Amino acid sequence: MSSKSIPCEEYEDCAMMQEEEWEVLKSIYPDVCISNDAEPFGRTIKLEIPVELSPARSVTIISPQNHSHATSPLVALPPFLLALILPPEYPLRAPPRITSLTCTHGWYPSSDLHAHLAEMWMHDSQGVLYAWVAFISGAEFLQSEDITIINSSPLTLLPLLESYNTHAQDTAFAETSFSCAICLSPHKGRHCVRLACSHIFCRSCLSDFWGSCITEGDIGRVGCPDPLCVKAGHEASEEDIIRVIDEEEVKRWKWLKVKRALERDPGMVHCPIAVCQTPVPSPEEDEESGWGRLRTCPRCEFAFCAFCRRTWHGPINECPLQMTESFVMEYVGLAEGDGRRLEIERRWGKRNVERLVLKYEEDRLNREWISRCSMSCPGCGVRVEKSVGCNHMTCIKCKQHFCYLCGEKLSSSEPYKHFNTVGKSCFEKLFDGSLD
């Protein structure tokens, strides 16, 4: 029907329906509507329609040579740019006229989609723009669950699709409100941090919490504060740490992490060079092989034996007896005025001998006190002293549960069964000071 045969009131109805359709479209898809310009031949409209995948779907890109490359599951694909003209007779008598339809990065053939859109308009309809936008944004034109794209440059298109998907996820996260489990207040995603475990907290709370833990040296608590993650002992990754705290705290966290790893290393020793004393971790070799005793200081590069602390003497030779310990023990066992005692004083110097004897006595008393007032962890051997509380102990170094009275290992799931078992030497002695 020509435009001359259309009654004037229909023109007015079409114009009003076009205006109403545009307002509805803007209210539902504000980011899609780019422009709406009135021209003598009709309205010129531009839309940018993103493609959302729900649930996430993988995309396989096939080259003309049948080489395929698959993406990880995506939740968004690059948008389509749609330019069209609404003639004065739309929507009652004429369909929209598409002047341009392209997709960013050219990942989908526009001609196929053009045909789909043309089939959706019906005579005397109430408008088709909303249906077009919903059809494209909902990825309804991608009918199969596994999306297959034919493209001449799969290796070029693949990172572009994944990059856009990441950007779309970040944008959606930034504009979404989340409740922080620490302060219990709602925050926009741009002020929050989503950890590797997917739990979300506001950046301010997490920064204060982690900063406090790092200042106190308790890096075991620098992780997700969610109760489930705390119970599982999940610690934050370096990537999450860098995103939340400042550079100085990151440096201290790294230093504390290395320090903790060395402290948990049962074979760690310190460099015997007095001006160095750098912690040296245990090697990968088995200590039974002989080479396991070799340590090389990472700072001064001094190679020494971990047993005798002397210059490395090879994997086969036995460690020489420490001269100081041997003559001090002999000196202490001799009577005052003994000829051998005087000989030792002349050889090593009386003051030096007295100083070594004093150190020997201090070490002996320390060993006796440690043996008398502490218990050795059955897991790693570290000595533990109890000040107050019950006799169920948890080693701070290796996390082994054990009884402070008898030193027996305890089950982490039922640690108190040991004190409730009839016949055990520690039966009903959870809070006793010593074992009878």
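The preceding data block contains the structure.
Owing to the predicted nature of the structure, the values given are computational and were not obtained by experimental measurement.

Quick notes on the rules
Residues numbered from 1 in each chain as written. Predicted model: local features only at pLDDT ≥ 70, side-chain atom pairs only at ≥ 80, totals over all residues. Heavy atoms only, no water. Helix = DSSP H or I, 4+ residues; strand = E, 2+ residues; numbered from the N terminus. Rg over C-alpha atoms; globule rule 2.2 N^0.38 Å. Buried < 20%, exposed > 50% of the residue type's maximum accessible area, 1.4 Å probe, protein only. Contact = heavy atoms within 4.5 Å. Areas by Shrake-Rupley, 256 points an atom, 1.4 Å probe, with all protein chains shown as cover. Lys, Arg positive; Asp, Glu negative; His and termini not counted. Charge placed at Lys NZ, Arg CZ, Asp CG, Glu CD. Salt bridge = Lys/Arg side-chain N within 4 Å of Asp/Glu carboxyl O. 1 Å grid on protein atoms, 1.4 Å probe; cavity = no way out; pocket = protein on both sides within 12 Å on 5 of 7 lines; lining within 4 Å. Points joined across faces, edges and corners; volume = space filled by probe spheres on them. Nonpolar A, V, L, I, M, F, W, Y, C, P; charged D, E, K, R; others polar. Axes fitted to C-alpha atoms, helices over the stretch in contact; angles between N-to-C directions. Parallel < 35°, antiparallel > 145°, perpendicular 65-115°, else oblique. Left-handed = near helix turned anticlockwise from the far one by under 90°. Expected span 1.5 Å × (residues − 1). Polar contact = N/O pair within 3.5 Å; in protein donor to acceptor, adjacent residues only side chain to side chain. Pairing = 2+ DSSP bridges.

Helices and strands together make up the secondary structure of the chain, namely 11 helices and 19 strands. The C-alpha atoms of the chain give a radius of gyration of 38 Å, which is well past the 22 Å a tight globule of 436 residues would have. With the C-alpha coordinates of the chain rotated into their principal frame, the extents come out at 135 × 55 × 40 Å. A total of 436 residues make up the chain; the buried ones form 35% of that total. Residue pairs at least 24 apart in sequence account for 47% of intrachain contacts in the chain once pairs closer than 6 positions are excluded. Working note: accessible area of the chain is about 26200 Å², and carbon and sulfur atoms make up 53% of it. When the 45 basic and 61 acidic side-chain charges of the chain are each reduced to a single mean position, those positions are 13 Å apart.

Scanning the model with the defined rule gives 14 salt bridges in all. Here Glu 19 ties to Arg 43 by a salt bridge, and the two come within 2.9 Å at their closest N and O atoms. Of this pair, Glu 19 sits in helix α1 (residues 8–28) while Arg 43 is found in strand β2 (residues 42–57), placing the two residues 24 residues apart along the sequence. Note that Arg 243 is salt-bridged to Asp 240, the shortest N-O span being 2.8 Å. On the criterion of helical spacing, the pair formed by Arg 243 and Asp 240 is a turn pair, its members being 3 residues apart in helix α7 (residues 238–244).

Glancing now at helix α3 (residues 129–137). Within α3, 7 of the 9 residues are buried, which leaves it mostly tucked inside the rest of the structure. When we look at burial in α3, the residues that qualify are Leu 129, Trp 132, Val 133, Ala 134, Phe 135, Ile 136 and Ser 137. Among the residues trailing α3, Ala 139 stands out with phi positive, at a value near 60 degrees.

Within this model, the largest pocket holds a volume of roughly 630 Å³. Only β2, β5 (74–86) and α4 (154–175) provide two or more residues apiece to the lining of the largest pocket. If you tally residues by element for the lining of the largest pocket, the top one is α4, at 6 residues. In terms of residue class, the lining of the largest pocket is built from 11 nonpolar, 4 polar and 3 charged. Estimated volume of the second largest pocket: approximately 430 Å³. Taken together, 15 residues form the lining of the second largest pocket, with Gly 217, Asp 218, Arg 260, Arg 264 and Ile 396 sitting closest to its centre. Counted by class, the lining of the second largest pocket contains 4 nonpolar, 2 polar and 9 charged residues.

Packing of helix α5 (residues 203–216) against helix α8 (residues 247–263) brings their axes to within 10 Å, and their N-to-C directions diverge by 50 degrees. In terms of orientation, α5 and α8 fall into the oblique class. Relative to α8, α5 is oriented so that their crossing is left-handed. Contact with α5, carried on its side by Gly 211, Ile 214 and Thr 215, involves Glu 249, Arg 252, Trp 253 and Leu 256 of α8 and no other residues of that element.

Turning our eyes to something else, we now look at α8. Here α8 is 17 residues long and its end C-alpha atoms lie 24 Å apart, about the 24 Å a rise of 1.5 Å per residue gives. Residues of α8 that are buried include every one of Val 250, Trp 253, Leu 256, Arg 260 and Leu 262, and no others. Against the buried residues of α8 lie α5, α7 and β13 (279–280). By the N-cap criterion, in which a side-chain oxygen at the helix start approaches the backbone nitrogen of a residue two or three places on, α8 is capped by Asp 246, the distance to Glu 248 being 3.3 Å.

A cis geometry characterises the amide bond from Ser 54 onward to Pro 55, with omega recorded as 0 degrees. With respect to the element layout, Pro 55 can be found in strand β2. In this chain, Tyr 90 is followed by Pro 91 through a cis amide linkage whose omega measures 10 degrees. Along the polypeptide, Pro 91 turns up in the loop between β5 and β6 (97–103). At Glu 428, a position not held by glycine, the phi torsion is positive, near 60 degrees. For Glu 428, a relative accessible area of 62% puts it in the exposed group.

A few words now on the environment of Pro 315. In this fold, Pro 315 is placed in the loop between β15 (303–305) and α9 (323–332). A sequence separation of 124 residues divides Pro 315 from His 191, and the C-alpha atoms of the two residues are 58 Å apart.

One open sheet holds the 4 strands; their spatial order is β1-β2-β5-β6, and the pairing between them is antiparallel. Every interior strand has two partners, whereas the edge strands, β1 (33–39) and β6, have only one. Geometrically, the sheet is characterised by an average inter-axis angle of 20 degrees between neighbouring strands, direction not taken into account. In this structure, β2 lies alongside β5, joined through 10 bridges in antiparallel fashion. If you follow Val 51 over to β5, its bridge partner there is Leu 77. Most of the contacts of α1 go to β1, to which it runs at about 165 degrees, and overall it touches β1, β2 and β5.

Turning next to the pairing of β2. Both β1 and β2 contribute to a ladder of 6 bridges, which runs antiparallel. Bridge pairing in β2 links Glu 39 to Gly 42. Linkage of β1 to β2, two consecutive antiparallel strands, is achieved through a turn of 2 residues.

The subject of this paragraph is the packing of α1 against α3. In contact at an axis separation of 9 Å, α1 and α3 are set at 30 degrees when each is read in the N-to-C sense. Classified by the interaxial angle, the pair formed by α1 and α3 is roughly parallel. Residue-level contacts link Glu 21, Leu 25 and Ile 28 of α1 to Leu 129, Tyr 130 and Val 133 of α3. Looking at side-chain class alone, the contact of α1 with α3 contains 5 nonpolar, no polar and 1 charged residues.

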